[in-house]
Amino acid sequence: MGWRSKFVLLLIVYGTGFATAIYCLSPAPDSAPGQLDGKGGILAKLRSEEFTQSVNSGMHKAIAFGKEAATKAAEMIREKIDEAQAKSKG
């Protein structure tokens, strides 16, 4: 798969993630008076401070994991480049 295909795939995945985030963060429509909300107590739970804190801590964990993975990947790439340069010189 060429770099152009990878780039297009990356754009599709990024766009899908962005659209999902917008969908999840958009406010839910108000139900008509007398109409039962099929979600029950889910809306109340989503708006609670506990849920907000849970999502916040999860996001911080995900960011920390991503930084750690990026650092390890950069180190591995650097090692492979150094090995390839050593082989080409020798």
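Residues numbered from 1 in each chain as written. Predicted model: local features only at pLDDT ≥ 70, side-chain atom pairs only at ≥ 80, totals over all residues. Heavy atoms only, no water.

Asker: Please provide a residue-by-residue account of the overall build of the protein, values included.
Answerer: Summing up its helical and strand segments, the protein has three helices and zero strands in all. For the protein, the sequential pattern of α-helices and β-strands runs α-α-α. Expressed as a percentage of the 90 residues in the protein, the buried residues total 0%. (Helix = DSSP H or I, 4+ residues; strand = E, 2+ residues; numbered from the N terminus. Buried < 20%, exposed > 50% of the residue type's maximum accessible area, 1.4 Å probe, protein only.)

Asker: Tell me about a negative patch on the surface, and please be specific about residues and values.
Answerer: Taken together, the side chains of E75, E79, D82 and E83 present a region of like negative charge at the surface. Looking at the element boundaries, E83 is found in helix α3 (residues 49-89). By relative accessible area, which is 42% here, E83 ends up partly exposed. (Patch = residues over 30% accessible without salt bridge, like charges linked within 9 Å, V, L, I, M, F, W, Y side chains within 5 Å. Areas by Shrake-Rupley, 256 points an atom, 1.4 Å probe, with all protein chains shown as cover. Salt bridge = Lys/Arg side-chain N within 4 Å of Asp/Glu carboxyl O. Lys, Arg positive; Asp, Glu negative; His and termini not counted. Charge placed at Lys NZ, Arg CZ, Asp CG, Glu CD.)

Asker: Provide a residue-level description of a nonpolar patch on the surface, including the pertinent values.
Answerer: Nonpolar side chains collect at one region of the surface, where W3, F7, V8, L10, L11 and I12 lie side by side and expose about 680 Å² of accessible area between them. If you trace the backbone, L10 turns up in helix α1 (residues 3-25).

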